[in-house]
Amino acid sequence: MAVELRGITKRFGSFAAVKGVNLQIRAGKVLGLLGENGAGKSTLMNVLCGLYAQTEGEILIDGKPVRFNGPGEAIRAGIGMVHQHFMLIPVFTVAENVVLGVEPTGRFDHLDLDQARAQVREINDSYGLEVDPDALIETLPVGVQQRVEIIKVLFRSADLVIFDEPTAVLTPQEVVEFFEIVRSLRDSGKAIVFITHKLGEIREISDHIAVLRRGEIVGHADHPDAVSEADLAEMMVGRPVSFDVEKNPHKPGAPLLEVADLTVLNENDDIAVDDVSMIVRSGEIVGIAGVQGNGQSALVEALTGLTRVAGGTVLFKGRDITRASARDRHRMGFAHIPEDRQRTGLIPAFTIAENMVLDSYYDDRFSRGPTMLWRVVNQAAAQAVQDFDVRAGSIFDAVSTLSGGNQQKVIVARELSRDTEFLIASQPTRGLDVGSIEYIHSRIAQARDEGDGVLIVSSELDEILALSDRILVMFKGKIVAEFDGATADKSEVGLAMAGRYEGAAA
Amino acid sequence: MNDEPKPAEGLSEAFLKRAAPDRAAMEDLIVVPFFAVVVALLLGALAMLATNVDLATVGRSYVALLVGSVGSFNAISETLTAAIPLTLAGLGIALGFRAGMFNIGAEGQLLIGGMAAVIAGFSFAGLPAVVHVPLVLLVGAMAGGLYAAIAGWLRAATGAHEVITTIMLNLISYRLVDYMLRLDFIQREGRSDPISKSVLGSAELPRILTWLDPNLRLHAGVFLMIAAVIFIHWLLFRTRLGFEFRASGESPDAARYAGMRAGLIIVLAMGMAGALSGLAGANQVSGVLGRASPGFSAGIGFDAIAVALLGRSHPWGVLLAGLLFGALEAGGRQMQVDAGVSIDLISIIQALIIVFIAAPLLVRRLFPWGFRKPAPVAKE
Ligand SMILES: Nc1ncnc2c1ncn2[C@@H]1O[C@H](COP(=O)(O)OP(=O)(O)OP(=O)(O)O)[C@@H](O)[C@H]1O
Ligand SMILES: [Mg+2]
């Protein structure tokens, strides 16, 4: 199947998110779509998969113009999309989720789940997906949930599969497996569109690259191997991008956060954080490396006062804060960038201004007595939007209308534009483009240079290596290794993340 | 004081511009409810025809509905009188919705608030009205608030869902009122049926239109209603507490991460919702009924849920919805008198309005010419 987009424009009100885009998508090829946050990638693909109606332009499938009224029609035309945010029902099984909306029914309209299961297995086999049709979604790791989304699309016999930032939530191992799946899809003749911010990935998997900036196509590359990452980055952002973080030499001050023998249980009373001790000093960045699911989330929740601690103590500037609430810690100068922006970091239906003060609204700056000082809030929000280059029309826009990366920037702006002493950041740059990553890394380094203690949790090893003064590796709830940030060797850290490091444990 | 911040240098003013209200949002707010009412009336007419009412009587009923609700001073007075408790209790439910609480218990809170208000109303003989009336209202609000706070506390402490607990509390309140009405100090002297003493003259909300016509029942509660609308609007959109309510309602997880205390917010939101329902009850006994009898709440607490839904949980919307439901009630009585049509029909029409409000897409389909383009599809 060959799909051609001709002069596609999509406006939201007066704002054009996509302007006159021409694009060719071919069977058996992977098209990599690259672009800054808010460039219009998701919007363009939402037009293609029938979620939005284009304002102008036409879509041609095998030379014939088509027009979709809703995603149902696009699916029937063979176009399927795996969205940036998954759309699965957690309490349903894999098979149930896959057939949702197109349920195979037997006589008297009863749901034929056996047939559904068989079909899921068949798809499994042909593309090497290995997903248990009877597993409940909520019990599956993110990487497997994503495969369920892929099965959903294939089950509806899509010939064009669109992936919107599929790798943002995957572990490195999962990415490798994901690429295997993409290759087998491609080899079976499907057309693939792949959106990502990771330049290495796009060079590895794409046959052709198109770059979008501010709604327009600004560049193509036919031989991804032949262009360097730096060139791609420049094409995307419109200026050279530095991949190194500039920061002053490591001059750690007094201990800020002292964690001793910390033990945290998860909801099922299993040990999530196992007897962890560590120190973060003022003026240093400590990076916690580790494959997702090794207790980092529980550690962060415990340090930010969101989970009860089962054992051990946490001192902040010498004061015991083991049982202090999230608000208390916030008042002491804690800033927290949570990992799940849509669920815990933001309220999508609220405006940008409201989200900018979500955890500091009670501050004297923003309220007097019982009343909010919205004028001050709005002014501060506009300033933050400008400083952090959040691509938005107005601070009164709902956050849900922002692109994924710009939503992340709202959180980062909120947490970093305050006067803080200690920053805990989980996946601070997930879903951000290289330009924004550069900026946010420099802001984090700046906070550290001003004397903040910083704890970064990231599954992005490159990010940890670029930012950290010290690196701790977490594996199965324990800190299993410690490295010096300046001298750490990527493969050694990687080994420790897999629990196979033989050097000195911390 | 100087809270007028000067724009920082180089700050782009563009970010501070508010987009004009989106046309689709306006349609949802105004056009959909309007058509919902029209369709409900049409279907109501069909229902009448189906029950062997002839066309002429149907016509007469709707004329009576109009005349009885806005056709005379008396009609307007009756409409407003009926709207007061509906709006007050509706505000309470709307406040709960905003904070993420589905409070079915307005009926019970209204009963308990009304009972407490009656007791305060016949007890303190000799108080001047300027003290007694506010006291009665306050007691009613507090009783309703505390009663609702039980459900809030159960939710916060044990996770028991407020839909279940408020339904239970409703049932308890019915029996509690029955029991209390037979207590010696509450039951009217010389009566064997459950009925309370009458509130003292000093505890009655004064009628405000008697200078026009001594029979007009509209009382000072109408000012209370307006004040409550303004207050709730201010609370929700201008205060810290309102911000916390709305945040917890939209996303409990994000609110928790932001350091808001979910338990406290739940209890407070339920308490305030109950206080508004209790106020509605106090308003009824002190402004309209003058005493309490079994079931004096008359289903207002349930109609208030519809009022809150119709008003989209927005204070001014609730006021408009309360006025509409008040008009339907006042007009419905007239309809029964003039055309002999059962007042139950009004309940059917009210229910139909809710059905169509809850299904905006259906309304859009029925009246495509009333709207622009198909409804936009939500993002992601
Ligand atoms: N429903 C909407 N209403 C108004 N504006 C919107 C809407 N959806 C997207 N936009 C705007 O359109 C622009 C493009 O958004 P889009 O989601 O396509 O970006 P993107 O390229 O996918 O970015 P990211 O890499 O951050 O996901 C953004 O500026 C966004 O604010
Ligand atoms: Mg996107």
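This structure is a prediction, so every number in the text was calculated from the model and none was measured.

Caption draft 1: The overall build of chain B, seen in detail. Per the secondary structure count, chain B includes 14 helices and zero strands. Along chain B, from the amino end to the carboxyl end, the secondary structure elements read α-α-α-α-α-α-α-α-α-α-α-α-α-α. Against the globule reference of 21 Å for 380 residues, chain B gives a C-alpha radius of gyration of 23 Å, in line with a compact fold. For chain B, the spread of C-alpha atoms along the three principal axes comes to 80 × 55 × 45 Å. For chain B, with 380 residues in total, the buried portion stands at 50%. In chain B, of all internal contacts separated by at least 6 residues, the share reaching a separation of at least 24 is 74%. For chain B, the accessible surface area stands at approximately 17400 Å², while carbon and sulfur atoms represent 67% of it. The distance from the centre of the 27 positive side-chain charges to the centre of the 25 negative ones in chain B is 3 Å.

Caption draft 2: Region of interest: helix α1 (residues 41–48) of chain A. Residues and elements named next belong to chain A. Counting buried positions along α1 yields eight of eight residues, so the element is predominantly enclosed. Where α1 is concerned, the buried positions are Lys41, Ser42, Thr43, Leu44, Met45, Asn46, Val47 and Leu48. Following α1 by one or two positions, Gly50 adopts a phi angle in the positive range, close to 85°.

Caption draft 3: How the structure looks around the environment of Leu352(B). Residue and element names in this part refer to chain B. Mapping Leu352 onto the fold places it in helix α13 (residues 344–358). Taking the C-alpha atoms as reference points, Leu352 and Gln334, 18 residues apart in sequence, are found 20 Å from one another. Excluding its chain neighbours within four sequence positions, the residues that come into contact with Leu352 are Ala40, Leu43 and Gly44.

Caption draft 4: Up close: the packing of helix α3 (residues 73–98) of chain B against helix α10 (residues 262–289) of chain B. Residue and element names in this part refer to chain B. For the pair α3 and α10, the least separation of the axes is 7 Å and the interaxial angle reads 170°. Comparing their axes, α10 and α3 come out roughly antiparallel. Facing Thr81, Ile84, Pro85, Leu88, Ala89, Leu91, Gly92 and Leu95 of α3, the residues of α10 in contact are Ala269, Met272, Ala273, Leu276, Ser277, Leu279, Ala280, Asn283, Gln284 and Val288.

Caption draft 5: Focus on the site of ligand 1. Taken together, 23 residues sit near ligand 1, with Gly38(A), Ser42(A), Thr43(A), Ser403(A) and Gly405(A) positioned nearest. With respect to ligand 1, the chains having nearby residues are chains A and B. Ser42(A) is positioned with one of its side-chain polar atoms (N or O) 2.7 Å from an oxygen atom of ligand 1. Between ligand 1 and Gly404(A), the relevant distance is 3.4 Å, taken from an oxygen atom to a main-chain nitrogen or oxygen of the residue. In isolation ligand 1 exposes 650 Å². Once the protein is present, 90% of that is buried. Among the secondary structure elements, those contributing two or more residues to the shell around ligand 1 are β2 (15–25), α1 and α14 (404–416) of chain A. Classifying every residue of the shell around ligand 1 by side-chain character gives six nonpolar, twelve polar and five charged.

Caption draft 6: Seen up close, the interface of chain B and chain A. Listed per partner, the contact involves 35 residues of chain B and 50 residues of chain A. The junction of chain B with chain A conceals about 4000 Å² of combined surface from both sides, 58% of it contributed by carbon and sulfur atoms. Between the two partners, chain B and chain A, sit two salt bridges. For the salt bridge of Glu354(A) with Arg246(B), the shortest nitrogen-to-oxygen distance reads 2.9 Å. Our count for the contact surface shared by chain B and chain A stands at 13 residue pairs in polar contact (both at pLDDT 80 or more). Those elements that provide at least two residues to the side of chain B that touches chain A are α7 (221–238), α8 (240–250) and α9 (252–257) of chain B. It is α8(B) that contributes the most residues to the side of chain B that touches chain A, six residues altogether. Here the residues of the side of chain B that touches chain A are counted per class, giving 17 nonpolar, five polar and 13 charged.

Caption draft 7: View of the sheet that holds strand β13 (residues 284–289) of chain A. Residues and elements named next belong to chain A. Taken together, six strands build an open sheet; the order of strands is β16-β19-β20-β13-β21-β22 and the sheet is mixed. Of all strands in the sheet, those with a lone pairing partner are β16 (334–337) and β22 (478–484), marking the two edges. Neighbour to neighbour, the strand axes of the sheet diverge by 15° on average, direction disregarded. Sheet topology note: the strand β19 (residues 422–426)/strand β20 (residues 453–458) ladder contains five bridges and is parallel. Note on β20: the bridge partner recorded for Leu423 is Val454. Contacts from α14 reach β16 and β19 within the one sheet, and its direction differs from that of β16 by about 175°.

Caption draft 8: Looking closely at the pattern of salt bridges. Enumeration according to the criterion identifies 36 salt bridges over all chains in this entry. Taking the shortest distance from any N to any O, the salt bridge between Lys198(A) and Glu460(A) comes out at 3.4 Å. Residue Lys198(A) is found in the loop between β8 (191–195) and α7 (199–205), and its partner Glu460(A) is found in the loop between β20 and α16 (461–467); the two are separated by 262 residues along the sequence. The closest approach of N and O atoms between Asp178(B) and Arg175(B), which form a salt bridge, is 3.3 Å. Residue Asp178(B) and its partner Arg175(B) are located together in helix α6 (residues 162–181), separated by three residues, close to a single helical turn. On the accessibility criterion, Asp178(B) (27% relative accessible area) is partly exposed. One connected set of salt bridges, linked through shared partners, spans Asp359(A), Arg414(A), Glu415(A) and Arg418(A).

Cut-offs and rules
- Residues numbered from 1 in each chain as written.
- Chains lettered and ligands numbered in written order.
- Predicted model: local features only at pLDDT ≥ 70, side-chain atom pairs only at ≥ 80, totals over all residues.
- Heavy atoms only, no water.
- Helix = DSSP H or I, 4+ residues; strand = E, 2+ residues; numbered from the N terminus.
- Rg over C-alpha atoms; globule rule 2.2 N^0.38 Å.
- Buried < 20%, exposed > 50% of the residue type's maximum accessible area, 1.4 Å probe, protein only.
- Contact = heavy atoms within 4.5 Å.
- Areas by Shrake-Rupley, 256 points an atom, 1.4 Å probe, with all protein chains shown as cover.
- Lys, Arg positive; Asp, Glu negative; His and termini not counted.
- Charge placed at Lys NZ, Arg CZ, Asp CG, Glu CD.
- Axes fitted to C-alpha atoms, helices over the stretch in contact; angles between N-to-C directions.
- Parallel < 35°, antiparallel > 145°, perpendicular 65-115°, else oblique.
- Near = heavy atom within 4 Å.
- Polar contact = N/O pair within 3.5 Å; in protein donor to acceptor, adjacent residues only side chain to side chain.
- Nonpolar A, V, L, I, M, F, W, Y, C, P; charged D, E, K, R; others polar.
- Buried area = accessible area lost by both parts, 1.4 Å probe.
- Salt bridge = Lys/Arg side-chain N within 4 Å of Asp/Glu carboxyl O.
- Pairing = 2+ DSSP bridges.

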